[in-house]
Amino acid sequence: MTTVVTYGTFDLFHIGHVRLLKRLHSLGDRLVVGLSSDEFNTVKGKNVVIPYEDRKEILLSCRYVDDVFQENCWEQKREDLEREGADIFAMGDDWIGKFDDLQDIVKVVYLPRTQDVSTTELKTVISEIQNEKIRQLQSLTEHLNALMQRL
């Protein structure tokens, strides 16, 4: 049995996540995900929208994922890979070269990311929509204040 291990935040679960997990699963018989905790995401400078337990439940409901464990720090990877009996450690190609030091215990693979979709882009679009709504409300408020002053 070939075990594949990957890591990630998997916030705002989207088609890019599904496609990555499908490709990761196809590399072996068992896919295990190290899911970044909310606290670790704060250390990494990421603000998650969906809390850890919900992200974990989403991942476990995905047919490509066999198990999920919590990632709390950068340094735990070697121990996790050994504990899980990993044969392959795989990440998106935005991490190329970052984990090559683990090649002494596993095969390290970097897979291409899904084009034109990312959690960061989704958060940017959502933020732009929220900002536009705020601008509209401010404009409406200013208009109402002007009307009230005429009365």
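Quick caveat: nothing in here was measured; it's all calculated off a predicted structure. (Residues numbered from 1 in each chain as written. Predicted model: local features only at pLDDT ≥ 70, side-chain atom pairs only at ≥ 80, totals over all residues. Heavy atoms only, no water.)

*Asks:* Help me understand the side chain of D80, please; the structure alone is not making it clear to me.
*Replies:* Looking at where D80 falls in the secondary structure, it is placed in helix α4 (residues 77–84). You can call D80 buried: its relative accessible area is 3%. Discounting chain neighbours no more than four positions away, the residues touching D80 are Y7 and F69. (Helix = DSSP H or I, 4+ residues; strand = E, 2+ residues; numbered from the N terminus. Buried < 20%, exposed > 50% of the residue type's maximum accessible area, 1.4 Å probe, protein only. Contact = heavy atoms within 4.5 Å.)

*Asks:* In this structure, what is going on with the pattern of salt bridges? I would like to understand it.
*Replies:* Between side chains of opposite charge, a pair can form when the charged atoms approach closely. Overall, the coordinates contain seven salt bridges when judged by the stated rule. Put simply, R83 and D80 hold a salt bridge, and the shortest N to O gap is 2.9 Å. Here R83 and its partner D80 are both found in helix α4, three residues apart, which amounts to about one turn of the helix. Here the salt bridges share partners, and the residues they tie into one network are R30, D80, R83 and E84. (Salt bridge = Lys/Arg side-chain N within 4 Å of Asp/Glu carboxyl O.)

*Asks:* When you look at the side chain of S36 in this model, what are you seeing that I'm missing?
*Replies:* Summarising the element assignment, S36 is placed in strand β2 (residues 30–36). Of the residues examined, S36 reaches a relative accessible area of 0% and is grouped as buried. Beyond its immediate stretch of four places on either side in the chain, S36 contacts G8, T9, N41, K44, Y52, R55 and E71.

*Asks:* Teacher, can you tell me more about the domain arrangement of the protein chain here?
*Replies:* Interface size is commonly expressed as the accessible surface area that is lost when the partners come together. One can read the domain layout of the protein chain as domain 1 (1–113) and domain 2 (117–150). Its C-alpha centre places domain 1 at a distance of 36 Å from the equivalent point of domain 2. (Domains from an automatic or database assignment.)

*Asks:* How should I be thinking about the nonpolar core in this particular structure?
*Replies:* One finds L21, L24, L31, V33, L59, V65 and V68 to be the most contacted residues of the largest nonpolar core, which totals 18 residues. Elements represented by at least two residues in this core include exactly α1 (15–25), β2, α3 (52–61), β4 (88–92) and β5 (107–111). Excluding its chain neighbours within four sequence positions, the residues that come into contact with V68 are V33, L35, Y52, K56, L59 and L60. (Core = buried A, V, L, I, M, F, W, Y, C linked by side-chain atoms within 4.5 Å.)

*Asks:* What is the right way to read the packing of aromatic side chains from this model?
*Replies:* Aromatic rings considered in pairs are described by the distance between their centres and by the relative angle of their planes. In this structure the tally under the stated criterion is six aromatic pairs. An angle of 75 degrees between the planes, with centres 5.2 Å apart, marks the rings of F40 and W74 as edge-to-face. One end of the pair, F40, is in helix α2 (residues 38–43); the other, W74, is in the loop between β3 (67–71) and α4, and 34 residues separate them in sequence. On the accessibility criterion, W74 (39% relative accessible area) is partly exposed. (Phe/Tyr/Trp six-rings, centres within 6.5 Å; stacked < 30°, edge-to-face > 60°.)

*Asks:* I keep staring at the environment of D66 and nothing clicks. Help me out?
*Replies:* Among the structural elements, D66 can be located in the loop between α3 and β3. Among the residues examined, D66 registers a relative accessible area of 40% and is labelled partly exposed. On a C-alpha basis, the gap between D66 and R30 in space is 6.0 Å, while along the polypeptide they are 36 residues apart. Once residues lying within four places of it in the same chain are set aside, the contact partners of D66 are H25, D29, R30 and L31.

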